[in-house]
Amino acid sequence: MNKGNKLYEGKAKIIYETKDKNLVIQHFKDDATAFNNLKKAKVEGKGVLNNRISEYILSSLSECGIKTHLIKRINMREQLIKKAEIFPIEFIVRNIATGSLTKRLGIPEGTNLEKPLLEYCYKKDELNDPLISREHILSFGWANEKEIEVIDKMTLRINDLLTGMFRAIGIKLVDFKIEYGKTWNKDTEKKEIVLADEISPDTCRLWDSKTEKKLDKDRFRKDLGNIIQAYQEVARRLGIMPEETNISEVNFGKTIPIKFKKK
Ligand code: TMP
């Protein structure tokens, strides 16, 4: 499938048109950002790893009946995906308290939550993706009641499946962020809700079950170093290290800071 014009460039990915109006190409960059772009660096090899890890996770979810935008991975950095109308909402699930939850509400770091906590954030960089309630979503028409009901159910099911998948490889799924979109289903001739974007160590918090070592983007956010080694560790435990034959094409491991403005 040939790449057409660039449709959209985000912080970590680029979306390109294809000849088919219902399909686009998702390209994973090596760029890492935190604190809404205040901290920025190139982490060499990150895009390749996230492409592979996200492909694996979305395919595994799809085998369990979760509808996703993924058609197939087409090369080291790119996936062919269904074009989706993305809900302007980040859906966050928390199993253990950390990050903004502990800062916002003073819940002690590492508290095991009795049941998964669902949060919604409005996807708006200019506003720093603020936390919103279900009522905000309905009031402003970002999704309707039926859509939220379907998405909440899918999200909790995804949490169950991913928690099990990671537990099996000695990793605690602490929290994660997912996004959904609506795509056109040719068979039913209806729009349907699909899991979109990516699921990777960029969008999850993953702690080693025994040591609680962070194996995710917090290594970048908190300057803990060895970012790529942590992502590779996740890929290795999932049994999907990148193809040996192509690995020389990628400079693995170096982190090149781009900017870090203090707020
Ligand atoms: P938080 O504790 O910073 O709110 O993050 C919750 C989860 O969402 C965590 O797994 C990281 C993920 N996340 C993203 O994927 N993108 C973002 O922009 C933010 C703020 C968090």
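Since the model is a prediction, treat every value here as computed from it, not as a measurement. (Residues numbered from 1 in each chain as written. Predicted model: local features only at pLDDT ≥ 70, side-chain atom pairs only at ≥ 80, totals over all residues. Heavy atoms only, no water.)

> Outline the packing of aromatic side chains, listing residues and values.
Per the counting criterion, the structure on display carries four aromatic pairs. Between Phe91 and Tyr180, the aromatic rings sit 5.3 Å apart at their centres with planes inclined by 85°, giving edge-to-face as the arrangement. Of the two residues, Phe91 sits in strand β9 (residues 89-96) while Tyr180 sits in strand β12 (residues 171-185), which places them 89 residues apart along the sequence. With a relative accessible area of 1%, Phe91 lands in the buried category. (Phe/Tyr/Trp six-rings, centres within 6.5 Å; stacked < 30°, edge-to-face > 60°. Helix = DSSP H or I, 4+ residues; strand = E, 2+ residues; numbered from the N terminus. Buried < 20%, exposed > 50% of the residue type's maximum accessible area, 1.4 Å probe, protein only.)

> How would you explain the sheet that holds strand β6 (residues 70-73) if you had to name every residue and give the values?
Within the open sheet, the five strands sit side by side as β1-β2-β3-β7-β6. Their pairing is antiparallel. Single-partner strands in this sheet number two, and they are β1 (6-9) and β6. Strand-to-strand twist in this sheet, taken as the mean axis angle between neighbours without regard to direction, amounts to 25°. Across five bridges, strand β3 (residues 23-28) lies against strand β7 (residues 78-82) in antiparallel orientation. Looking across to β7, one finds that Leu23 is bridged to Lys82. Relative to β6, helix α1 (residues 46-63) is tilted by about 135°, and along the sheet it contacts β3, β6 and β7. (Pairing = 2+ DSSP bridges. Axes fitted to C-alpha atoms, helices over the stretch in contact; angles between N-to-C directions. Contact = heavy atoms within 4.5 Å.)

> Can you lay out the pattern of salt bridges for me, pointing to particular residues and giving the numbers?
Under the defined criterion, the tally for this structure stands at 31 salt bridges. The residue Lys172 makes a salt bridge to Glu212 at a minimum N-O spacing of 2.5 Å. Separated by 40 residues along the polypeptide, Lys172 in strand β12 and Glu212 in the loop between β14 (204-208) and α5 (218-221) bring together distant segments of the chain. Lys172 sits in the partly exposed class, given a relative accessible area of 26%. A relative accessible area of 36% places Glu212 in the partly exposed class. In this structure, the salt-bridge partner of Asp208 is Arg237, at a minimum N-O distance of 2.7 Å. With Asp208 in strand β14 and Arg237 in helix α6 (residues 227-238), this pair connects stretches of sequence that are 29 residues apart. (Salt bridge = Lys/Arg side-chain N within 4 Å of Asp/Glu carboxyl O.)

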